[in-house]
Every structure is written in structure tokens, then in C-alpha cells.
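Examination of the molecular architecture
Listed below are the residues making up each chain.
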Number of protein chains: 2
Amino acid sequence: MEPQFIRFDEVAPFLLAEGVSGRPLFGEGAMLNLIEFEPGATVPAHAHEHEQLGIVLRGVQRLVVAGVEHALGPMDGYVLPGGVEHSATCGPEGATVLDVFRPVREDYRERWESTRPG
Amino acid sequence: MEPQFIRFDEVAPFLLAEGVSGRPLFGEGAMLNLIEFEPGATVPAHAHEHEQLGIVLRGVQRLVVAGVEHALGPMDGYVLPGGVEHSATCGPEGATVLDVFRPVREDYRERWESTRPG
């Protein structure tokens, strides 16, 4: 794999949930996903085998992990081991979050590639 | 490994280079490192086997990768495959960058643990 340099605002977004979009950057064994929550949007409870790390960049993301809510603001970070059920909501101003997945989420790559123009 | 929730501004920083500090968050197979460059600071050319991904959050980071300079501003992202030589400098206003490493950089963990108070 060659080095990559991108502007996230030029990356086509794909839909993660109603009112939640992601802009991915795929490495070899890990990926970034820059997520934009519209005000009040929710990612329903789900789980995946991928390890997930992240940081809130704007607004508030409430992560419910194993039944416990964690309200995270700008420059708050988290690690979710693979297999842990979690959901996410945001506050009235929406939120911007950077998620990291290891390994690459091939389901995201497929969804992203199927929504790109051309 | 249990889920982790942290405030990066409460994480003890460790020195990456003169004028460059990092605040790490260690997952199982990947880690985040929130980096603060003082104005004009430089990370000298180096290489590591770890895959590195990142995003600039504030200011400008100039990454020189395989001899080519890439000037990256806020919301610009990158992937550096393992083994590629790179250096980093920033502009006169400094920079804030989030780096991701896969796997965890155990050298960073050792340096961070050795600089923590207590």
C-alpha cells in the first residue's frame, strides 16, 4: 500500500444511520471514519468484532456501552473492545467524531464504494 | 481489555521530540496519540514497522514522506504504511494532530509510563 493524503471534506460520505454520515480513510489493517451526527441523531445498539477507538471533536456524543451511558465532549477519547454492544446519540447541536477501527471494516468499504458517484 | 473513557487533557503528556508532546490512549491492537506541536517544532526523520494513520486538527503539519513534502491542514488525513521514512514540522502557530498506530507502539508505552508521576 502506498502512502495516502486526503482532505476529509473531499471524501464522499456514506450513511451510517439516519442523520449520521461517515467519511472513511482505509489503511491496511486499520481505518479512520470521520462521523457527522445531525442534531439528535442516533446509531442504534450494535456490536462488531473490530476494536474501536475514537475521539469527540465537536459537540457531545453519548455512548451507551454495556448498558452504561458515557457523555463525551470535545477531546474525550474511548476504546471499545471488539464484541461489546454499544449505541450512540448526540446532543441538540449534533457532533463530529473520529472513529478508528481495527481491522478495516470491510462492510463499511462495501457500503462506501457502492454509494460513491461514478 | 475493558472499555476505556478518558479526557485527553487529563492524560499526562510525554515528549516525542523537542517541542512536540503526545497524550496516548492504548487499545489492544491499536492506539491513539494526540500530539501538540509548539510553533516551529520538528519530529526528525524516522521509520517504524507500525502502520500510521492520522488527521490534523489545528494548524499545519508538513509531513515529508519518502522525500516529498505534504502540507496538511485541519481535517486533512493520511496513511503511512509501516517502514516508510517520514519527518514532520509545523507552521508558526504550532499544530494539533491525532495519530493512530497499529499495532500499539510499545516504545511509546514505555516512555509514557516512565514519565508519569507516581
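Think of each chain on its own: its residues are numbered from 1, step by step along the sequence as written. The order in which chains are written sets their letters, starting at A; the order in which ligands are written sets their numbers, starting at 1. Where local features are concerned, this predicted model is filtered to residues with pLDDT of at least 70; where side-chain atom pairs are given and counted, the filter is 80 or more; whole-chain, interface and lining totals use all residues.

Bringing the overall build of chain A into the picture now. In this text, helices come from DSSP runs of H or I with a minimum length of four residues, and strands from runs of E with a minimum of two, each type numbered from the N-terminal end. On a plain count of helices and strands, chain A comes out with 1 helix and 9 strands. The secondary structure elements of chain A, listed N-terminal to C-terminal, are β-β-β-β-β-β-β-β-β-α. Over its C-alpha atoms chain A spans a radius of gyration of 14 Å, differing by no more than 12% from the 13 Å that the globule rule assigns to 118 residues. With the principal axes as the frame, chain A shows a C-alpha extent of 40 × 30 × 25 Å. Residues are called buried when their C-beta atom has 20 or more other C-beta atoms within 10 Å, exposed when it has 12 or fewer, and partly exposed otherwise; all C-beta atoms are positioned from the backbone. Each of the 118 residues in chain A was classed as buried or not, and the buried ones make up 36%. Note on contacts: each residue gets a C-beta atom placed from the backbone, and two residues are in contact if those atoms are within 7 Å. Within chain A, contacts between residues separated by at least 24 positions form 64% of all contacts whose residues are at least 6 apart in sequence. Radius of gyration means the value over C-alpha atoms here, while the globule rule gives 2.2 Å times the residue count to the 0.38 power.

So, about the relation of the copies chain A and chain B. Copies overlap after least-squares fitting; the atoms used are the C-alpha atoms of residues with pLDDT of at least 70 in both. Rotating chain A by 180° and moving it 0.0 Å along the rotation axis overlays it on chain B with an RMSD of 0.0 Å. Taken together, the turn and the small shift mark the pair as related by a two-fold rotation axis. Comparing interface residues between copies, 100% of those in chain A also lie at the interface in chain B; the contact surface is shared.

Residues and elements named next belong to chain B. Two strands pair when backbone bridges link them, and strand E6 (residues 51-65) and strand E7 (residues 68-72) are joined in this way by 5 bridges, in the antiparallel orientation. Within the sheet, the bridge partner assigned to arginine 62 lies in E7 and is alanine 71. Strands pair, by our definition, only if DSSP identifies at least two bridges between them. Linkage of E6 to E7, two consecutive antiparallel strands, is achieved through a turn of 2 residues, within which alanine 66 is found at a positive phi near 50°.

Residues and elements named next belong to chain B. The topology assignment puts glutamate 69 in strand E7. On the basis of neighbour counts, which here come to 10 C-beta atoms within 10 Å, the residue glutamate 69 falls in the exposed class. If sequence neighbours within four positions are ignored, glutamate 69 has contacts with Arg62 and Val64.

The next point concerns the pairing of strand E6 (residues 51-65) of chain A. All names here are of chain A. Taken together, the 13 bridges between E6 and strand E9 (residues 86-102) define a ladder with antiparallel strand orientation. Looking at E9, one finds that glutamate 51 is bridged to arginine 102. Two elements, E6 and strand E8 (residues 76-80), share 4 bridges in a ladder whose sense is antiparallel. Its bridge partner lying in E8, glutamine 52 is registered against leucine 80.

Let's shift gears to the interface of chain A and chain B. Many analyses report the size of an interface as the accessible area lost when the parts associate. On the side of chain B, 32 residues touch chain A, which itself brings 32 residues to the contact. Of all the secondary-structure elements, those providing two or more residues to the side of chain A that touches chain B are strand E1 (4-7), E6, strand E7 (68-72), E8 and E9 of chain A. Put simply, Ala, Val, Leu, Ile, Met, Phe, Trp, Tyr, Cys and Pro go in the nonpolar bin, Asp, Glu, Lys and Arg in the charged bin, and everything else, Gly too, in the polar bin. Residue classes in the side of chain A that touches chain B are distributed as 21 nonpolar, 5 polar and 6 charged. Here 4 bridges tie E1(A) to strand E8 (residues 76-80) of chain B, and the two strands are oriented antiparallel to one another. Residue Arg7(A) lies in a different strand from E8(B), and its bridge partner there is Asp76(B).

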